[in-house]
Amino acid sequence: MAFLRTVNRCSVSKKYGLLIDSLNSGFGGKIDANQSVRKSTAAATSLLQDKSVQAPKDPLDLSFEDARAAFKSKTNWELLRALVVYQMCSYETIVTNNMRLMKICKAVLGEKLFTAVMKATFYGHFVAGEDEFKIRPKLERLRSFGVKPILDYSVEEDISQEEAEKREVEASVPAAGDQLEDGSLKQYHVDKTFADRRYKVQSARTYFYLNEATCERNMETFIKCLEAIADYQKSNPGATYGTGITAIKLTALGRPQLLLQLSEVIMRTRQYMAEIVGGEGNVLSHHTKPEELESKFEKIQDKESLRKFLTQVTYDKEGILHLFPWSGIIDENQELSTTFRVPDLKTGRMARLITQLSTKEEEMFKNMIRRINTIVKAAQEMDVRIMVDAEQTYFQPAITRITLEFMRKYNKEKAIVFNTYQCYLRNALTEVTTDLEQAKRQNFYFGAKLVRGAYLEQERARAAAMGYPDPTNPNFEATTEMYHKTLTECLRRIKAFKDKGEDKMIAIMVASHNEDTVRFAIEKMKEFAIEPSDKVICFGQLLAMCDYITFPLGQSGYSAYKYIPYGPVNEVLPYLSRRAHENKGVLQKIKKEKRLLAREILRRFATGKIFYTPKGNYIPV
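Conventions and cut-offs
- Residues numbered from 1 in each chain as written.
- Predicted model: local features only at pLDDT ≥ 70, side-chain atom pairs only at ≥ 80, totals over all residues.
- Heavy atoms only, no water.
- UniProt positions renumbered as here; feature names shortened; annotations may be inferred.
- Helix = DSSP H or I, 4+ residues; strand = E, 2+ residues; numbered from the N terminus.
- Buried < 20%, exposed > 50% of the residue type's maximum accessible area, 1.4 Å probe, protein only.
- Contact = heavy atoms within 4.5 Å.
- Patch = residues over 30% accessible without salt bridge, like charges linked within 9 Å, V, L, I, M, F, W, Y side chains within 5 Å.
- Areas by Shrake-Rupley, 256 points an atom, 1.4 Å probe, with all protein chains shown as cover.
- Salt bridge = Lys/Arg side-chain N within 4 Å of Asp/Glu carboxyl O.
- Pairing = 2+ DSSP bridges.
- Axes fitted to C-alpha atoms, helices over the stretch in contact; angles between N-to-C directions.
- Phe/Tyr/Trp six-rings, centres within 6.5 Å; stacked < 30°, edge-to-face > 60°.
- Right-handed = clockwise from strand over helix to strand, strands pointing away.
- Expected span 1.5 Å × (residues − 1).
- Arc of directions from axis to C-beta.
- Parallel < 35°, antiparallel > 145°, perpendicular 65-115°, else oblique.
- Left-handed = near helix turned anticlockwise from the far one by under 90°.
- Nonpolar A, V, L, I, M, F, W, Y, C, P; charged D, E, K, R; others polar.

Looking at an unreviewed UniProt entry, one finds the protein chain named Proline dehydrogenase and attributed to Dendroctonus ponderosae. Quoted straight from UniProt, the Catalytic activity (unreviewed entry) entry for the protein chain says "L-proline + a quinone = (S)-1-pyrroline-5-carboxylate + a quinol + H(+)". Here is the UniProt Cofactor (unreviewed entry) comment for the protein chain, exactly as written: "FAD".

Have a look at this one:
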């Protein structure tokens, strides 16, 4: 069948055998995933327990002005290349027309010469290599300087705006039609003006749905990233101590229509609960008892449906957790159309919060959940972490809900699954606090990556055009305040666990290129007596960006990560284009990086280090 419901070839129990054959050409060769990677974790633990192994730690300069610490992992050639690339990113004409210029160069120079030029410049600076074997030297060098990897196979489609809009509109409209009914929320419906989700977005990769087979291939690609990390850990015992990470996007794994509809259901459920019990916010904030809820529905005529609705309500001693059995959405046997029905106080009947889904659409949703489950189960077996990227606000409620359910299922012993929270959103602190509370009440490890966010301009423009409230903070300062408040709440809860002598069931990545935010995080860690050795706080930046932050952190004993893109030269051009645009947008950071690069180059030449060879013996936290 077209929707691949019976694709048993993807079974984790078969150790992903099909995946290797189908992707060999794109990744350079096979990986034997049948070998256990848990041995590498045991080896790492043994290494750490060996008292004779003394990991060096450098003092941390919180001004991040130490050029030597920032670039001791780089060769002289790499420093010079970085300086040239950053200088080119400062020219408006080059950045604005970079994709066109790269295509012209390819046509003029030919395939081989173009590839050589790209490897000597932009590709060589921003991308780790072509496949999981060619990136190993880069990963090993990062490790030796205290930095761990977040792998991302960065191949992107280069499609026109017209094609992007066509795909998005077709994939976002339900079979029953996209009509705004009574109670519908405009934000969670497609608008052709913004159907090309790359509009006003520079730093985030965008997937456009084509068909179910494409989603299957995306799943296989994500698992290949997991295998690349796991294989690297096996061949380098103790290299990342079981803390390698792969980033995924849910829009790569299913039809966007389903995320839109589920997001609308979630937001309508919150509105419904507020109408029933008064006040604002979601279910967890009300602490309503089931019997209190039942008393509201005396006038409901369909008693059997009401009874069924009340029996699926999830609650504990503090009150109602969920009106619907959200855990059911990650079970392949659950049907969305029959799940989301609520008692309507006005009509006295049961009302459906989601448009009726066809059998075909229900099957698509099950396929999406199966793909995510396959990836997460593979990550658990390989001892690698999954970070689910944040996306646009009209997808995000569904993405967060699905991610939380996979946390509840898999984060029983440690944080395997992480959600991402964008702090340019007005509700970021509320969302994180609510999800922390759910994790506490349902006893699972909470994993979060905190970012400023990638869709700010697009979100503002879409809200204004479609006439719904702007979901973003008014300015940069407000976003910084939101980020710091959200991080502080997470640290406060970690400290509460630590003070009680309990497992610290929270893990946070501070994913920021803003050195003020990194300084804030370190100072707050000290204030709350949270040590790097507690392994609950880590820091992350993109490869080839803000090295003056990442490497000093890793070399001073903090948990530091680099986001590692890789893929064939010609297939990562859209990624390189975005990197060029992003660097143009952070000229102040580039200015500092360029200044530190020049300082280190001059220092090396002045001290006779013309042929400097990086050699580190740091051990990542």
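Asks: Explain the environment of asparagine 218 to me, please; I cannot follow it from the model alone.
Replies: In this fold, asparagine 218 is placed in helix α11 (residues 212-235). Under the relative-accessibility criterion, asparagine 218 is labelled buried at 16%. Sequence spacing of asparagine 218 and glycine 254 is 36 residues, and the spatial spacing of their C-alpha atoms is 9.7 Å. Excluding its chain neighbours within four sequence positions, the residues that come into contact with asparagine 218 are Tyr207, Ala252 and Leu253.

Asks: Help me out: how do you make sense of a nonpolar patch on the surface in this one?
Replies: Taken together, the side chains of Leu101, Ile104, Val108, Leu109, Leu113 and Val117 make up a nonpolar region of the molecular surface, amounting to roughly 490 Å² of accessible area. For the nonpolar patch, the secondary structure elements donating two or more residues are α6 (98-109) and α7 (111-120). No other element matches α6, which puts four residues into the nonpolar patch. Secondary-structure assignment places leucine 113 in helix α7.

Asks: It is not clear to me how the sheet that holds strand β2 (residues 245-248) should be interpreted in this structure. Could you clarify?
Replies: Paired through their backbone hydrogen bonds, the strands of a sheet run either parallel or antiparallel. Around the barrel, eight strands lie side by side as β1-β2-β7-β8-β9-β10-β11-β12; this closed barrel has parallel pairing. Across this sheet, the average inter-strand angle for adjacent strands is 30°, counted without regard to direction. Sheet topology note: the strand β1 (residues 147-153)/strand β12 (residues 559-566) ladder contains seven bridges and is parallel. Looking at the pairing, valine 147 lines up with alanine 560 of β12. Against the sheet, helix α21 (residues 515-527) touches β10 (506-511) and β11 (537-542), its axis set at about 170° to β11.

Asks: Even after reading the chapter, I still don't get the pattern of salt bridges, so can you show me in this structure?
Replies: The full count for this structure, using the stated rule, is 44 salt bridges. Ionic pairing is found between lysine 72 and aspartate 58, a salt bridge with its closest N-O pair at 3.1 Å. A residue pair is termed long-range when its members are at least 10 positions apart, and lysine 72 in the loop between α3 (67-71) and α4 (76-88) and aspartate 58 in the loop between α2 (38-49) and α3 qualify at 14 residues. Across the salt bridge formed by glutamate 304 and arginine 307, the nearest N and O atoms sit 2.7 Å from each other. Of the two residues, glutamate 304 and arginine 307 are both situated in helix α14 (residues 303-311); the distance of three residues between them amounts to about one turn of the helix. Through salt bridges with shared partners, a single ionic network connects Glu65, Glu515, Asp516, Arg519, Lys592, Arg595 and Arg599.

Asks: Could you clarify how one ought to interpret the packing of aromatic side chains in this entry?
Replies: For any pair of aromatic rings, the description consists of the separation of the ring centres together with the inter-plane angle of the planes. Summed over all chains, the structure comprises 14 aromatic pairs. Centroid distance phenylalanine 122 to phenylalanine 126: 6.5 Å. Interplanar angle 25°. Geometry classified as stacked. Taken together, the residues phenylalanine 122 and phenylalanine 126, both in helix α8 (residues 122-126) and four residues apart, mark about one turn of the helix. With a relative accessible area of 12%, phenylalanine 122 lands in the buried category.

Asks: Where do I start with the pairing of β11 in this structure?
Replies: For a regular strand, the rule is simple: side chains alternate between the two faces of the sheet. Buried residues dominate β11, accounting for six of its six residues. Relative to β11, β10 runs parallel, the two being bridged by four bridges. Of the residues in β11, the one forming a bridge with isoleucine 508 is isoleucine 537. As a crossover connection, the stretch from β10 through α21 into β11 is right-handed. Across five bridges, the pairing between β11 and β12 is parallel. In the strand pairing of β12, phenylalanine 539 is matched with alanine 560. Between β11 and its parallel partner β12, the chain crosses via helix α22 (residues 547-555), and the hand of that crossover is right-handed.

Asks: Would you explain the side chain of glutamate 431 in this entry?
Replies: Here glutamate 431 shows up in helix α18 (residues 428-442). Beyond its immediate stretch of four places on either side in the chain, glutamate 431 contacts Arg270 and Tyr421.

Asks: Any chance you could explain α6 here in plain terms?
Replies: Note: α-helices contain 3.6 residues per turn, so residues at a spacing of three or four share the same orientation. With 12 residues, α6 should reach 16 Å at 1.5 Å per residue; the first-to-last C-alpha distance of 16 Å fits that figure. Of all the positions in α6, only Asn98, Met99 and Met102 are classed as buried. Looking down the long axis of α6, one finds its buried residues gathered within 105° of arc, a one-sided arrangement. Opposite the buried face of α6, by more than 90 degrees, sit the exposed residues Arg100, Ala107 and Val108. Glycine 110 occupies a position one or two residues after α6 and carries a positive phi of about 90°.

Asks: Hey, could you run me through the environment of cysteine 423 in this one?
Replies: Locating cysteine 423 in the fold gives a position in the loop between β8 (417-422) and α18. Distance from cysteine 423 to leucine 450, taken between C-alpha atoms, is 7.1 Å for residues 27 residues apart in sequence. Leave out the neighbours within four places in its chain, and cysteine 423 touches Ala428, Val451, Arg452, Asn473, Thr479, Met482, Tyr483 and Thr486.

Asks: Which parts of the structure should I look at to understand α18?
Replies: With 15 residues, α18 should reach 21 Å at 1.5 Å per residue; the first-to-last C-alpha distance of 21 Å fits that figure. In terms of burial, α18 is largely enclosed, as 11 of its 15 residues are buried. Within α18, burial applies to Ala428, Glu431, Val432, Thr434, Asp435, Leu436, Glu437, Gln438, Ala439, Arg441 and Gln442. Immediately downstream of α18, the backbone of asparagine 443 shows phi near 60°, a positive value.

Asks: Sorry if this is basic, but what is going on with the packing of helix α20 (residues 476-499) against α21 here?
Replies: Between two packed helices, the angle of one axis relative to the other and the distance separating the axes together describe the packing. Two elements in contact, α20 and α21, have axes whose closest approach is 11 Å; the angle formed by their N-to-C orientations is 25°. When the axes of α20 and α21 are compared, the pair comes out roughly parallel. Handedness of the crossing formed by α20 with α21: right-handed. Side by side, α20 and α21 meet where Tyr483, His484, Leu487, Thr488 and Leu491 of the first sit next to Thr517, Phe520, Ala521, Lys524 and Met525 of the second. Tallied by class, residues from the contact of α20 with α21 come to six nonpolar, three polar and one charged.

Asks: Any chance you could explain the pairing of β2 here in plain terms?
Replies: Burial of β2 is two-sided: the residues Ile245 and Ala247 facing one way and the residues Thr246 and Ile248 facing the other way are all buried. Judged from the two bridges that link them, β1 and β2 form a sheet pairing that is parallel. Across the sheet, residue leucine 151 finds its bridge partner in β2, namely threonine 246.

Asks: For this particular structure, what's the right way to read unusual backbone geometry?
Replies: In most cases, non-glycine residues show a negative phi, while peptide bonds are predominantly trans. Residues other than glycine seldom take positive phi values, yet aspartate 383 does so here, at roughly 65°. Mapped onto the elements of the fold, aspartate 383 is located in the loop between α16 (359-382) and β7 (385-388). Taking relative accessible area as the criterion, aspartate 383 reaches 4% and is therefore assigned buried. For lysine 535, which is not glycine, the phi dihedral falls at a positive 55°.

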